[in-house]
Amino acid sequence: MIKKNVYLLSLILCCILPVSGQDEYVRFRRITINDGLSLSSVYCIYQDSKGFMWFGTEDGLNKYDGQSITVYGATTDQHYILANKWIEEIYEDKTGMIWLGSRGGLTKYNPRKGVFTRMQHDPGSFSTLSNDTVTAIATDLQNELWVGTFRGLNRVDRMTNEVERIIPAEKELAGLTSRITGFLQDNAGTFWIATSQGLFSYDTKSGLFFLETAGGLLGSGTKIHAMCLRDNAIWIGCDAGLVRLDLSGAGKHFRFSPEFEDPDVAVSGLLVDQTGQVWLQATDGLYCFNPRERQLRRVVSPRGSTHSLSLRPVQPLIEDSNGFIWYGTFGSGVYRIDPSTHAFDQYLHNPADPQSISENSVNCIFEDRSGGLWFGTFGAGISICLLYTSDAADEE
């Protein structure tokens, strides 16, 4: 039965594979509580190694096989299996274990045995999580599992589930006990930790942590919002603006301080596309920075935005496998942008059109391995993007 459902899911994903062509017809298929979704607000989407889709909501974990949804932790008799039912992080390690980050701790799920294991903060024990609000989950090249929280970094033994809080003695490493905002693994084996008090690196060979200053451009008090690896460099969005950390050894770091129209606006997220352009998210819209010309241009200025309930209220931004930029907003729908021209299409909810996107507030965007795009919305479930050629649309 499992093989049959995975096959059905594969067929669905193939059907939503983007097509090339000048004239395209964009429609959305919806997954809602009427289809078995535990709640209408979806905060994270993930595809595991077997092809199953996982959705994190405010009311439990959802597993989708292309035909039906299995819900974990939403009913009263299942609340105990999850550390917390509000799921905002989903991650699969190389052994197939599913790790869930929530506002009430970390949960490990063993799909083969169907067993859930909860890990939570205990003020009286240093062998527990440093905080129950999980902000990031990742593994390094040595397959060590790292868990970031509101109050520090943790290393979890994937086999024994033992937790080690990282509490460095060195004063310059104190930022590792602050809020963790993201992880990144570079090609040389260094594991990078972004925090609200600086950027740090971890040498997997020596087991040592280091504060990264990028030649004095960053400091122990620099709040790191986002980072992205591209062409042997890490681009960093922080309170100081945009910083390029050169990993080649040549020391060609530089900082760009965007001059936004509103002086209170800061970089909250970023993406480096295939052409090398850097896309910057700010509270007043989406900008594109050209590193060669050192020029910044505002591309999208969404209007009518609302607030997200996510732990990381940053509007979702991804580059799909065809090179298009997708930008989700909290109230203005979703934009698809051509990076070569900066021309864009905006997709809005239309109450009269059941094939429009289901909601204008988008919490997350995920591209599956078949190229299908999934949009988790605030209050209206999931919308799956369907791209047709104009000829195919006429045949329907």
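Computed from a predicted model, the values in this text were never measured in an experiment. (Residues numbered from 1 in each chain as written. Predicted model: local features only at pLDDT ≥ 70, side-chain atom pairs only at ≥ 80, totals over all residues. Heavy atoms only, no water.)

Judged by pairing direction, the sheet is antiparallel, and its four strands sit side by side in the order 22-23-24-25 without closing on themselves. If you trace the sheet from one side to the other, it starts and ends with strand 22 (269-272) and strand 25 (295-300), each paired once. Within the sheet, the average angular offset between the axes of one strand and its neighbour, ignoring direction, is 25 degrees. Bridge analysis of strand 23 (residues 278-282) against strand 24 (residues 285-290) gives five bridges, and the strand direction is antiparallel. Note that in strand 24 the partner of Trp 279 across the bridge is Cys 288. (Pairing = 2+ DSSP bridges. Helix = DSSP H or I, 4+ residues; strand = E, 2+ residues; numbered from the N terminus. Axes fitted to C-alpha atoms, helices over the stretch in contact; angles between N-to-C directions.)

Looking now at the pattern of salt bridges. Across all of its chains, the model carries nine salt bridges by this definition. One salt bridge in this structure joins Arg 155 and Glu 144, with 3.5 Å as the shortest N-O distance. Of this pair, Arg 155 sits in strand 12 (residues 152-156) while Glu 144 sits in the loop between strand 10 (134-139) and strand 11 (145-149), and the two are 11 residues apart along the sequence. Where Asp 345 meets Arg 336, a salt bridge forms, and the shortest distance between an N and an O atom there is 4.0 Å. A relative accessible area of 39% places Asp 345 in the partly exposed class. Via salt bridges that share partners, Glu 144, Arg 155 and Glu 164 belong to a single interconnected network. (Salt bridge = Lys/Arg side-chain N within 4 Å of Asp/Glu carboxyl O. Buried < 20%, exposed > 50% of the residue type's maximum accessible area, 1.4 Å probe, protein only.)

What follows is about the packing of aromatic side chains. Going through the model one piece at a time under the given rule, you end up with 24 aromatic pairs. A centroid spacing of 6.2 Å and a plane angle of 35 degrees characterise the contact between Tyr 327 and Tyr 335, whose relative ring orientation is tilted. Of the two residues, Tyr 327 and Tyr 335, neither departs from the other in class, the shared state being buried. Considering the side-chain rings of Tyr 335 and Phe 344, the 5.3 Å spacing of their centres and the 75 degrees angle between planes classify their relative orientation as edge-to-face. Every member of this aromatic cluster is reached through a ring pair, and the members are Trp 146, Phe 183, Phe 191, Tyr 202 and Phe 209. Sitting above the plane of the Phe 254 ring, Arg 294 keeps its charged end 3.9 Å from the centroid. In this structure, Arg 336 is placed above the aromatic ring of Phe 324, and the distance from its NZ or CZ to the ring centre is 4.5 Å. (Phe/Tyr/Trp six-rings, centres within 6.5 Å; stacked < 30°, edge-to-face > 60°. Lys NZ or Arg CZ within 6 Å of the ring centre and 35° of its normal.)

With respect to topology, four strands assemble into an open sheet ordered 14-15-16-17, the strand pairing being antiparallel. This sheet does not close on itself; its edge strands, each paired only once, are strand 14 (180-185) and strand 17 (208-212). On average, adjacent strands in this sheet sit at an angle of 25 degrees to one another, irrespective of strand direction. Two strands pair when backbone bridges link them, and strand 14 and strand 15 (residues 190-195) are joined in this way by five bridges, in the antiparallel orientation. Pairing of Gly 182 across the sheet is with Ala 194, part of strand 15.

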